[in-house]
Amino acid sequence: MPETSYIIAVLATVFIITFALRALPFAALKMLRESKIVKVLSWWMPIGILGILAASTLRSTMAADSAHAGLALVAVITTAVTHLLFGRRTLVSVAVGTVTYVLMVNLL
């Protein structure tokens, strides 16, 4: 069994590394707020995430059950329209698209 001092040294090292890794983004945040690339990424990343989610959903839906492919496409379009019309809120858009798909699958 390892000695107590060894265990304390390992735990201290893990604590310091974890704390540093968690604090680093906050330390860099001030510099990044004014960065042009961060502004561009903040605009395009949600659209990219939604695109990947849509492609993944359509691919898995068409592979599993091609009868629901049209419903999935309607839900994806609903998600995109919601995202563009209601302030580009990704969580709201994904929630509306998911609810749309689930309701259509269960009611139609």
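Look up a bit, the structure's there.
Please read all numbers here as calculations on a predicted model, not as lab measurements. (Residues numbered from 1 in each chain as written. Predicted model: local features only at pLDDT ≥ 70, side-chain atom pairs only at ≥ 80, totals over all residues. Heavy atoms only, no water.)

## Observations concerning the overall build of the protein chain
Put simply, the rule is: Each helix corresponds to a stretch of at least 4 residues labelled H or I by DSSP, and each strand to a stretch of at least 2 residues labelled E; elements are numbered beginning at the N terminus. Computation of the radius of gyration draws on C-alpha atoms alone. For the globule rule, the value is 2.2 Å times the number of residues to the power 0.38. Classification of residues uses two cut-offs on accessible area relative to the type maximum, computed with a 1.4 Å probe and protein chains only: under 20% is buried, over 50% is exposed, and between them is partly exposed. Only heavy atoms enter the contact rule, under which two residues are in contact if any of them lie within 4.5 Å. Where accessible areas are quoted, they stem from the Shrake-Rupley method and a 1.4 Å probe; at the residue level, only the protein chains shown are allowed to cover.
The number of helices and strands found in the protein chain is 4 helices and 0 strands. Secondary structure elements of the protein chain occur, N-terminal to C-terminal, as α-α-α-α. Against the globule reference of 13 Å for 108 residues, the protein chain gives a C-alpha radius of gyration of 22 Å, more extended than a compact globule. The principal-axis extents of the C-alpha atoms in the protein chain amount to approximately 65 × 45 × 20 Å. Taken over 108 residues, the protein chain has a buried fraction of 16%. Partitioning the intrachain contacts of the protein chain with sequence separation of at least 6 by distance along the chain shows that 49% fall at a separation of at least 24. If you sum the accessible surface of the protein chain, you get close to 8,600 Å²; carbon and sulfur atoms cover 76% of it.

## Examining the layout of surface pockets
Under the convention used in this document: Within this scheme a cavity is a closed region of a 1 Å grid, computed over the protein atoms alone, that accommodates a 1.4 Å probe without allowing it to escape, whereas a pocket is open but has protein on both sides within 12 Å along at least five of seven lines; lining residues each have an atom within 4 Å of a point. Grid points are joined across faces, edges and corners, and a volume is the space filled by probe spheres set on the points. Residue polarity follows a fixed list, in which Ala, Val, Leu, Ile, Met, Phe, Trp, Tyr, Cys and Pro are nonpolar, Asp, Glu, Lys and Arg are charged, and the others, Gly among them, are polar.
What the largest pocket holds in volume is close to 340 Å³. Secondary structure elements with two or more residues in the lining of the largest pocket: helix 2 (36-64), helix 3 (69-85) and helix 4 (90-107). For the lining of the largest pocket, the element with the highest residue contribution is helix 3, accounting for 7 residues. A class-by-class count of the residues in the lining of the largest pocket yields 12 nonpolar, 6 polar and no charged.

## What to know about the side chain of threonine 82
Our working rule: Two N or O atoms form a polar contact when they lie within 3.5 Å of each other; inside protein one atom must be a possible hydrogen donor and the other a possible acceptor, and for residues adjacent in sequence the pair counts only when both atoms belong to side chains.
Considering the arrangement of structural elements, one finds threonine 82 in helix 3. A relative accessible area of 9% means that threonine 82 is categorised as buried. Of the polar contacts made by the side chain of threonine 82, one reaches the backbone oxygen of threonine 78; its length is 2.7 Å. The contacts of threonine 82, once residues within four sequence positions are left out, are Val92, Ser93 and Val96.

## Observations concerning the side chain of serine 93
Inspection of the secondary structure puts serine 93 in helix 4. With residues up to four places along the chain from it excluded, the contact list for serine 93 reads Thr79, Thr82 and His83.

## Re a nonpolar patch on the surface
The line we're drawing: Like charges within 9 Å and nonpolar side chains (Val, Leu, Ile, Met, Phe, Trp, Tyr) within 5 Å are joined into patches, using only residues over 30% in relative accessible area that form no salt bridge. Within this document, salt bridges are pairs made up of a side-chain nitrogen of Lys or Arg and a carboxyl oxygen of Asp or Glu, the two lying within 4 Å of each other.
On the surface, Leu32, Ile37, Val38, Leu41, Met45 and Ile49 cluster together into a nonpolar patch covering about 530 Å² of accessible area. Looking at which element gives the most residues to the nonpolar patch, the answer is helix 2, with 5 residues. One can find leucine 32 in helix 1 (residues 4-33). You can call leucine 32 partly exposed: its relative accessible area is 39%.

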